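Structure assessment
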Amino acid sequence: MTASPSHTEPTELSLEALDAMDQVTFTTTTIWTDGDVEFSGVPLKALLDHVEADGSTVEMVALNDYAVSMPIDALEDTAPIVATRMNGETMSVRDKGPYWVVFPYDSDPKYRSEPIYALSIWQLNRLKVVD
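A separate point is the pairing of strand S3 (residues 24-28). Covered by surrounding structure in S3 are Val 24, Phe 26 and Thr 28 only, the residues Thr 25 and Thr 27 on the alternate face being uncovered. Looking at chain direction, S3 and strand S4 (residues 37-43) are connected through five bridges and run antiparallel. In the strand pairing of S4, Val 24 is matched with Gly 41.

As structure tokens, this is what we get:
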């Protein structure tokens, strides 16, 4: 995955680099999967801090160039996460991988809304921070 902090060169982050960061794991249901699913990965906020992102919005882009944007000040310490694993396994492109931005949907009604679902981008390929 590529992360582009505002006004700097992109940073390539491998699965190994993401695995070396502090991880968050939660179990939740989603509108795209059946039953409880365990997701684990890096909080998006921590990832942006890691690459020293400087800006007000993060643009998240999928392999097919689908993109969504989220204000950085809306990020929480543990949600959303850039999930690297679903039920303990890395995700193939066919299974919404390699990375999927997910929220702990079952933990709070605020995560069960169309705006949040729209931010839950799968097949995440790159992040770009803009002013």
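There is more to say, and it comes next.
Tracing the chain through its elements places Thr 33 in the loop between S3 and S4. Side-chain polar atoms of Thr 33 contact the side chain of Thr 30, separated by 2.6 Å.

Looking now at the environment of Val 93. Along the chain, Val 93 falls in the loop between strand S8 (89-90) and strand S9 (100-102). The partly exposed category is assigned to Val 93, whose relative accessible area is 43%. Once the C-alpha coordinates of Val 93 and Trp 122 are considered, the two residues, 29 residues apart in sequence, prove to be 8.8 Å apart. Apart from the residues lying within four places of it in its own chain, the contact partners of Val 93 are Leu 63, Pro 98 and Gln 123.

Another aspect to go through is the packing of aromatic side chains. Counting across every chain of the model gives 10 aromatic pairs. The interplanar angle of 85 degrees and the centroid separation of 5.8 Å between the aromatic rings of Trp 100 and Trp 122 together place this pair among those described as edge-to-face. Taken as a pair, Trp 100 in strand S9 and Trp 122 in the loop between helix H3 (114-119) and strand S10 (124-130) lie far apart in primary sequence, 22 residues in all. A relative accessible area of 0% means that Trp 100 is categorised as buried.

Conventions adopted
Along every chain, residues carry numbers that run from 1 in the direction the sequence is written. At least 70 in pLDDT is required for a residue's local features to be given in this predicted model, at least 80 for side-chain atom pairs to be given and counted, and no such filter applies to totals for whole chains, interfaces and linings, which use all residues. Computation of side-chain values: all heavy atoms of the structure, hydrogens and water removed. Relative accessible area decides the class of each residue, using a 1.4 Å probe on protein chains only: under 20% of the type maximum gives buried, over 50% gives exposed, and in between gives partly exposed. Where helices and strands are cited, they refer to DSSP runs of H or I of at least four residues and of E of at least two residues respectively, numbered from the N terminus. Here a strand pair is declared whenever DSSP counts at least two bridges between the two strands. Polar contacts, as counted here, are pairs of nitrogen or oxygen atoms within 3.5 Å of one another; within protein the pair requires one atom able to donate a hydrogen and one able to accept it, and residues that are adjacent in sequence qualify only if both atoms are side-chain atoms. Here a residue-residue contact requires only that any non-hydrogen atoms of the pair lie within 4.5 Å. Only the six-membered ring of Trp is used, alongside the rings of Phe and Tyr, when aromatic pairs are assigned; centres must lie within 6.5 Å, and planes under 30 degrees apart are stacked while those over 60 apart are edge-to-face, with the rest tilted.

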